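Chain by chain, the residues:
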Amino acid sequence: MAYYSVLDVTPTSEDWIPDYLPTANERVAAHGGKYVARTTSHEQVEGDTQEAGLRIIIEWPSKEAAKAFMADEDYAPHLAARTTGSVSHHYLIEGKDDLA
């Protein structure tokens, strides 16, 4: 079953970004992930204001693939740099409809 990573990332420093992107792109693909959206073009249409510079959606073939990406040793220093240099929230969402 597909899983989706949904992230909001607001950089507090941009120093980490040039090194982060090539490795993140490579490691996402290596774990079967596919970027669905990576954009600063987003509009909140409901709820309390949630500031975010960037919204990201990644489709994964399974929960295990998403977790393997997050635990990837080659990705670890880049994840640490992102979390240090941004305010980030990452949600892992199962691709199903519990209300159907």
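First things first, this report covers the structure right here in the doc. Bear in mind that the values here come from a model prediction, so they are computed numbers and not experimental data. (Residues numbered from 1 in each chain as written. Predicted model: local features only at pLDDT ≥ 70, side-chain atom pairs only at ≥ 80, totals over all residues. Heavy atoms only, no water.)

Here the focus is helix α2 (residues 63-71). All buried positions along α2 are accounted for by A65, A66 and F69. Burial along α2 is one-sided: seen end-on, the buried residues are contained in an arc of 100°. The exposed set on the far side of α2, more than 90 degrees from its buried face, consists of E64 and A71. Where α2 is buried, its residues touch α1 (17-30), β3 (54-60) and β4 (86-94). (Buried < 20%, exposed > 50% of the residue type's maximum accessible area, 1.4 Å probe, protein only. Helix = DSSP H or I, 4+ residues; strand = E, 2+ residues; numbered from the N terminus. Arc of directions from axis to C-beta. Contact = heavy atoms within 4.5 Å.)

Once that is clear, we can look at the sheet that holds β4. Ordered by their spatial adjacency, 4 strands build an open sheet running β2-β3-β1-β4, and the pairing between neighbours is antiparallel. The sheet is open, and its two edges are formed by β2 (34-39) and β4, each paired on a single side. Averaged over all neighbouring strand pairs, the angle between strand axes comes to 15°, with direction disregarded. Strand direction decides the pairing type here: strand β1 (residues 3-11) and β3, joined by 7 bridges, are antiparallel. (Pairing = 2+ DSSP bridges. Axes fitted to C-alpha atoms, helices over the stretch in contact; angles between N-to-C directions.)

In total, this model carries 4 aromatic pairs according to the counting rule given. Just above the ring of Y35 sits the side chain of R38; from NZ or CZ to the centre is 3.6 Å. (Phe/Tyr/Trp six-rings, centres within 6.5 Å; stacked < 30°, edge-to-face > 60°. Lys NZ or Arg CZ within 6 Å of the ring centre and 35° of its normal.)

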